[in-house]
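Topology and contacts: notes
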Amino acid sequence: MWRRSFTTTSATALKDKKWDALIIGGGHNGLTSAAYLARGGLSVAVLERRHIIGGAAVTEELIPGFKFSRCSYLQSLLRPAVINELELAKHGLKLLKRNPSSFTPCLDGRYLLLGPDKDLNHSQISKFSQADAEAYPKYESQLEKFCKFMDLVLDSSPPESLQHKSSLNEQLKNKLQNSVFWATCLRHAASMGQKDMVEFMDLLLSPASKVLNNWFETDVLKATLGTDAVIGSTASIHTPGSGYVLLHHVMGETDGERGVWSYVSLLLGYIYNVHNENGIMLFAKYIIPMQPYVEGGMGSISKAIASAAVTAGAHVATNVEVSQLLIKNSSTVNGVILADGTEVHASVVLSNATPYKTFMELAPNNVFPDDYFRAIKHSDYSSATTKINVAVDRLPQFQCCKSNHSHAGPEHVGTIHIGSESMEDIHSASHDAVNGIPSRRPVIEMTIPSILDKTISPPGMHVINLFVQYTPYKPMDGDWQDHDYRESFAQKCFTLIDEYAPGFSTSVIGYDMLTPPDLEREFGLTGGNIFHGAMGLDSLFLMRPAKGWSNYKTPLKGLYLCGSGAHPGGGVMGAPGRNAAHLVLQDVRKI
């Protein structure tokens, strides 16, 4: 194992040299950029405001003995290229498969389990509909086909036109690169055929409810699958374009396995074949060798990437807040100013902060073209997501399973879908938020990572993640800063879980709740949006973060975006960080 420890670099040490590259924010994308840039021979420093690296992919011991993946809570999207090129297994990354991977309890006493066992899936879905049981593998196969088409887009910088004055050679090179990209897309499209391409476009443009209604008739199956279409958004399942968000959450690939919603853990052993959230089984392309123990939770992803970066020569500094960009002649960034007034100089700066934070707060407004400024300012940063991290003294006992034992059953292993037995349940919850109030019956995704990872909670006790929707940033019936209002909403969530698992509320030892304003304050997520900006079709690919600026460059020379606000968007995937670093290395080598 290559994991290296790293310590905070002092402000004095930072200012003593001119760096090739500074990275604002030590989230997983910023760390990914640092690793690639350092491997490319650049001197790199990562500047993280908090006391701990990882951004939203972080593990924190909030209650003694309980280690929480405080924001992001499942690993599904981390790009295989990042895992393998940075050799993250050697730096301590270990993934645990979940089998089964999904459990939806119903108040009428039934339940739906889904996992890698095709026979189990058929049997479970057949309880509700034989036709749906037959259609399910075909649905998965189609999504898998669409995901393969998307791989090229995810792992590439968008084919953007040149934004600055350039030589004839650079113009010709840019046109050639863009032509190659589009030609490759056309080849992929031709291999899919017209019928599949029409289906693909329908998925991108349609509401998730339409997509799922075209495939299935069972309410609980459609709702279970449909939660992926609204994760982290303010959208209803009936919102046009939510079909793409559904696809976005299943197009992760871990060690050759598509859409693996796997816990990040710290156990010895091999990485086995893992599976899609809804049961797709594929052959593994990569086998990660045996690993030693490391700390668990989503923070282990960030630590592994940071270890790869430090091994390559990067410096990682915590408790270092950037307050302003250093701008020369109103057009070129040549460093940053820290909160204590220290100036740190660099040839290029990459921002892992949100576009709003980068351009509205760290730079003066008059240095950007008007259309760019307006595009960033008026992007959709809204959020309706709340994360509740719960410590419990026993496992929830789900009434529909008719079990009463202290050890884990299959219902505890995967994602547990609470309060979403039908697509109308999801829509009603979103409608409350549209009217300015937190959902009266929230949509909750519950996970219990301590079932598989015995290092993150005391023996016999458990860590529970609750990903809750929908919670407006500014509710009309109260204020998230009001302790009683916060407590009331948390208890509403616990009481809803009680309907499915009686006694859950009494098992709670303590909890930590992050509402949209909390996510903004603690982690710099503008509006509390976990994706650094909405993932609608009007803000993806060549439109992210703004038309004409999708290739990580910005109107300020020397300033690049490397976070989720850039293509291809949010989730713990590392693609923005990797793609941005490749572009920076290309640009630096031209100089």
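What counts and how
- The residue numbering used here restarts from 1 in each chain and proceeds along that chain's sequence as written.
- Reporting of local features is limited, given that this is a predicted model, to residues whose pLDDT is at least 70; pairs of side-chain atoms are given and counted only at 80 or more, and all residues count toward the totals for whole chains, interfaces and linings.
- Computation of side-chain values: all heavy atoms of the structure, hydrogens and water removed.
- Comment: elements are numbered from the N terminus, with helices defined as DSSP H or I runs of at least four residues and strands as E runs of at least two.
- A helix is expected to span 1.5 Å multiplied by its residue count minus one.
- Burial classification: accessible surface area is computed with a 1.4 Å probe over protein chains only, and a residue below 20% of its type maximum counts as buried, one above 50% as exposed, and the rest as partly exposed.
- Patch membership is restricted to residues that have no salt bridge and whose relative accessible area is over 30%. Joining uses 9 Å for like charges and 5 Å for the nonpolar side chains Val, Leu, Ile, Met, Phe, Trp and Tyr.
- Accessible surface is estimated by sampling points in the Shrake-Rupley manner with a 1.4 Å probe; for residues, cover comes only from the protein chains shown.
- Just to be clear on terms, a salt bridge is a Lys or Arg side-chain nitrogen sitting within 4 Å of an Asp or Glu carboxyl oxygen.
- Here a strand pair is declared whenever DSSP counts at least two bridges between the two strands.
- In this description, a line fitted to the C-alpha atoms serves as the axis of each element, helices being fitted only across the stretch in contact, and the angle between N-to-C directions of two axes falls anywhere from 0 to 180 degrees.
- Residues count as neighbours in contact if any of their non-hydrogen atoms are within 4.5 Å of one another.
- Working definition of a nonpolar core: buried Ala, Val, Leu, Ile, Met, Phe, Trp, Tyr and Cys residues. They are joined through side-chain atoms within 4.5 Å.
- In protein, a polar contact requires one atom able to donate a hydrogen and another able to accept it; more generally it is a pair of N or O atoms within 3.5 Å, and residues adjacent in sequence count only if both atoms are side-chain atoms.

1. Concerning helix H11 (residues 299–311)
- Taking 1.5 Å of rise per residue, the 13 residues of H11 would be expected to cover 18 Å, and the 18 Å separating its terminal C-alpha atoms lies within 8% of that figure.
- With respect to burial, H11 is a largely interior element, eleven of its 13 residues being buried.
- Listed as buried for H11 are Gly299, Ser300, Ile301, Ser302, Ala304, Ile305, Ala306, Ser307, Ala308, Ala309 and Val310.
- Immediately downstream of H11, the backbone of Gly313 shows phi near 115°, a positive value.

2. Side note on unusual backbone geometry
- Here the bond from Gln469 into Tyr470 is cis, since omega is 10°, no more than 30 degrees from zero.
- The residue Tyr470 is located in the loop between strand S18 (462–469) and helix H15 (483–500) in this model.
- The phi angle at Tyr552 is positive, at roughly 75°, despite the residue not being glycine.
- Locating Tyr552 in the fold gives a position in the loop between helix H17 (516–523) and strand S20 (559–561).

3. A closer look at a nonpolar patch on the surface
- Residues Met201, Leu205 and Leu537 make up a contiguous nonpolar surface patch of about 260 Å² in total accessible area.
- Within the secondary structure, Met201 is located in helix H7 (residues 194–205).
- By relative accessible area, Met201 is classed as partly exposed at 39%.

4. As for the pattern of salt bridges
- Tallying each qualifying case throughout the model produces 19 salt bridges.
- Of the charged contacts, one joins Asp512 and Arg70 as a salt bridge, the two residues approaching to 3.1 Å between their closest N and O atoms. Of this pair, Asp512 sits in strand S19 (residues 508–514) while Arg70 is found in the loop between strand S4 (66–69) and helix H3 (80–85), placing the two residues 442 residues apart along the sequence.
- One salt bridge in this structure joins Glu87 and Lys90, with 3.0 Å as the shortest N-O distance.

5. Describing the sheet that holds strand S16 (residues 415–418)
- Here we have seven strands laid out as an open sheet, ordered S7-S6-S16-S17-S18-S15-S19, and mixed in their pairing. Bordering the open sheet on either side are strand S7 (111–114) and S19, each of which pairs with just one other strand. Taking each pair of neighbouring strands and ignoring which way they run, the sheet shows an average axis angle of 20°.
- Where strand S6 (residues 102–105) meets S16, two bridges bridge the pair, whose relative direction is parallel. From the neighbouring strand, Ser102 faces S16, where its bridge partner is Thr415.
- Each of strand S15 (385–392) and S19 is contacted by H17, which is oriented at about 75° to S19, the strand it contacts most.

6. Some thoughts on the environment of Glu87
- With respect to the helices and strands, the residue Glu87 is situated in the loop between H3 and strand S5 (94–96).
- Sequence separation between Glu87 and Ala304 is 217 residues; the distance between their C-alpha atoms is 9.0 Å.

7. A few points about the nonpolar core
- Counting residues in hydrophobic clusters, the biggest one holds 73 residues, and the most contacted among them are Leu37, Leu88, Val336 and Leu350.
- The element best represented in this core is H11, accounting for seven residues.
- Excluding residues within four positions of it along the chain, Leu37 makes contact with Ala21, Ile23, Leu42, Val44, Leu350, Ala581, Val584 and Leu585.
- Core analysis: the second largest hydrophobic core is formed by 43 residues, Phe128, Tyr139, Met150 and Ala229 among them.

8. Brief notes about H17
- Listed as buried for H17 are Pro516, Pro517, Asp518, Leu519 and Phe523.
- Here the buried face of H17 lies against strand S3 (59–63), S15, H15 and S19.
- Phi turns positive one or two residues past the end of H17, at Gly524, with a value near 70°.

9. Concerning the side chain of Ser236
- Mapping Ser236 onto the fold places it in the loop between helix H9 (219–226) and helix H10 (242–248).
- Among the polar contacts made by the side chain of Ser236, one reaches the main-chain amide nitrogen of His238 at a distance of 3.0 Å.
- A polar side-chain atom of Ser236 sits 2.7 Å from a polar atom in the side chain of His427.
- Once you skip the residues sitting within four places of it in the chain, Ser236 turns out to touch Val230, Ser242, His427, Ser430 and Tyr470.

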